[in-house]
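Structural overview for review
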Amino acid sequence: MIRFENVTKVHDPRAKPALDSVSVEIEGGEFVFLVGASGSGKSTFLKMIYREDVATSGSVYVAGHNVSTLTSWRVPKLRRKIGVVFQDFRILPQKNVYQNVAFAMQVIGASRARTKERVTDVLAMVGLEGMEKRMQHELSGGEQQRVAIARAVVNQPDILLADEPTGNLDPTTSEEITEVLKKINANGTTVVMATHDDDIVDRMRRRVIELSRGKVMRDEAKATYTSLIPKVTPATGTTGEAQA
Amino acid sequence: MRPMFIFGEIVNGLRRNLSMFISVVLVTFVSLTFVGAAGMLQMQINQMKGYWYDKVQVAIFLCSPGSTTANCSSGPVTKEQQDNLRKLLDSDAVRQYVNDYQFESQQEAYAHFKEQFANSPIVDSVTPDQLPSSFRVNLKDPQKYQIISESFSSQPGVESVIDQRQILEKLFSAMNTASIVAIGIAAIMIVCAALLIATTIRLSAFMRRKETAIMRLVGASKAVIQLPFILEGVLAAVVGALLASGAIWAISHFFLTGYLADQYKQTAFISDAQTLWLVPALIALGAVIAGVSSLFTLRKPLNA
């Protein structure tokens, strides 16, 4: 579903690359956590997938398309296969819950009847039934993130990218949001979630890709936020201590 | 693409940006009124040219008792000189340029004069012998006036050769200058309108950057993202063009046909119906200016 082949992204030639020879493959239907310190390249990694950023070298394949060579007029078609949610929700304040979600369908030309049906279903799925008329200021952070998730998945994308979706939420709400993402993943959507939330990662035990300074430091199945695999120190050739 | 959705976006945009919309309407209105006025002046010039050029002649004035030019020093024109002039007009060299000619005697000149100045007291102080007799020559090509002038001005018995067309040309050139000035002002105003539309669209795009960011994110096509902005600009310009059309129609109806045509009955003025031909041109011009200006403006902010 997503394949990075030796992808390097340089924003500023004088600084270190944001991504440095990253090669990763994510299968359809997977749930992947992207972890790493701030500035490690998580957001750049996600932006490469929905082609907000283009690789300086290497290739990014998404749903069979080489995103790096995609012409600009084909980008909208790619993005219809991808839903994106952010830490800051990005809800349109002058629209209510229903309108915010419906907006994503209206702009790609969906019919009114189809929009109504899908939006109602999706709002129920994310747990917002009965809140259609609410405005942004009437919603809690968790509810706003549910609206954002509903908007991201209303067009039934193959991939859902979540860039620190629980970053602004308390632990209980974060857990609820993660449950929504799990539900979406259970329906067959590939989910890639960049996060700092070790609780969630440790509890879910899904694949973890760890980035550090633009490089993939770790890519483990059913992993935790910090690696449990003891580190090998190449200089001495002996087994080191587990990372803190 | 859903037309109702696009329409809704336009209405939203206008509501949030009403003052800028009004300013675009007003600037387009003023600039297109100048364009329309220049168009009307050109139509009026053509109308008058068509009307007068058929009627204007080259007049060869003959020496009369009151003539003072050097050519008339030997006194008024004689019968023999008149016959020679007639022969010259009939000669092959001149005939090829002449459609026809009439002789206007002093009595006939006086009759025409009385007719033209019927309401003026000047008629009482003029007698037939003060007015020169003349040959009125209609040329095949009015531009060939110089040939007639050269052939006749030094002939004995000729006081002067006057091209009536040249008198009109002065009027037309004054009107032409006025229309060029109007076009110049219109051009400056159009630049203002285009820049204002660009600024308005940029502001509108900035105010709606959250929406456009979401639109791009969920895969809306470039057309759906840009169309509401472009149509907003075009709508403002078209409203301005309609106001300008109303203004030029009012000028035509109340000033030209209502006032001037009444005052100057001899002159052919353009009609209201002719003025209405300018309306589609003004609307098209307004739409094109706005469309091009917004397209150009939107290339960057919504593409990032």
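Residues numbered from 1 in each chain as written. Chains lettered and ligands numbered in written order. Predicted model: local features only at pLDDT ≥ 70, side-chain atom pairs only at ≥ 80, totals over all residues. Heavy atoms only, no water.

**Structural notes on the overall build of chain A**
What counts is decided by this rule: Strands are runs of DSSP state E lasting at least 2 residues, helices are runs of H or I lasting at least 4, and numbering of each runs from the N terminus. Radius of gyration here is computed from C-alpha atoms only, and the compact-globule reference equals 2.2 Å multiplied by the residue count raised to the power 0.38. Whether a residue is buried, partly exposed or exposed follows from its accessible area with a 1.4 Å probe, protein chains only, as a fraction of its type maximum: under 20%, in between, or over 50%, in that order.
In terms of regular secondary structure, chain A is built from 7 helices and 10 strands. Relative to the 2.2 N^0.38 estimate, which gives 18 Å for 244 residues, the radius of gyration of chain A is 19 Å and therefore close to what a compact globule would have. Counting only C-alpha atoms and orienting by the principal axes, one finds that chain A spans roughly 65 × 40 × 30 Å. Taking all 244 residues of chain A together, 51% fall into the buried category.

**What about the sheet that holds strand 9 (residues 207–212) of chain A?**
Residues and elements named next belong to chain A. Heads up, the rule is: Two strands pair if DSSP finds at least two bridges between them. Lines fitted to the C-alpha atoms define the axes, with helices restricted to the stretch that makes contact. Angles between their N-to-C directions range from 0 to 180 degrees. Note on contacts: a residue pair is in contact if any heavy atoms of the two residues lie within 4.5 Å.
Taken together, the 6 strands give an open sheet; going across it, the order is 6-7-8-3-9-10, and neighbouring strands pair in mixed fashion. Strands with a single pairing partner mark the edges of an open sheet, and in this sheet they are strand 6 (82–86) and strand 10 (215–220). Recorded for the sheet is a direction-independent mean angle of 15° between the axes of neighbouring strands. Bridge analysis of strand 9 against strand 10 gives 5 bridges, and the strand direction is antiparallel. Bridging across to strand 10, serine 212 finds its partner in lysine 215. Sitting on the sheet, helix 5 (residues 141–153) touches strand 6 and strand 7 (159–163), and the angle it makes with strand 6 is about 165°.

**Here's the deal with the pattern of salt bridges**
Should the charged atoms of two oppositely charged side chains come close, the side chains can pair. All names here are of chain A. Stated precisely, the cut-off is as follows: Salt bridges are defined by distance alone: a side-chain nitrogen of Lys or Arg within 4 Å of a carboxyl oxygen of Asp or Glu.
Per the stated rule, a full pass over the model turns up 21 salt bridges over all chains. Of the charged contacts, one joins aspartate 12 and arginine 14 as a salt bridge, the two residues approaching to 3.4 Å between their closest N and O atoms. Here glutamate 164 makes a salt bridge to lysine 42, at a shortest N to O gap of 4.0 Å. Taken as a pair, glutamate 164 in the loop between strand 7 and helix 6 (171–186) and lysine 42 in helix 1 (residues 42–49) lie far apart in primary sequence, 122 residues in all. Its relative accessible area of 15% is what places glutamate 164 among the buried residues. Under the relative-accessibility criterion, lysine 42 is labelled buried at 4%. Here the residues in one salt-bridge network are Glu30, Arg207 and Asp219, joined through shared partners.

**As for the interface of chain B and chain A**
Put simply, the test is: Buried area: the accessible area, evaluated with a 1.4 Å probe, that two parts lose upon being put together, summed over both parts. Here a polar contact means two N or O atoms within 3.5 Å. Within protein one must be a hydrogen donor candidate and the other an acceptor candidate, and residues neighboring in sequence count only if both atoms are side-chain atoms.
Taken together, the contact between chain B and chain A spans 18 residues of the former and 25 residues of the latter. Carbon and sulfur atoms supply 60% of the area buried between chain B and chain A, which totals about 1,700 Å² over both sides. When the buried surface of chain B facing chain A is broken down by residue, Arg2, Leu217 and Val218 of chain B rank first, second and third, together holding 38% of it. Counting every contact that joins chain B to chain A gives 2 salt bridges. Across the pair lysine 95 of chain A and glutamate 9 of chain B runs a salt bridge, and its minimum N-O distance is 4.0 Å. Between chain B and chain A we count 3 residue pairs in polar contact (both at pLDDT 80 or more) in total.

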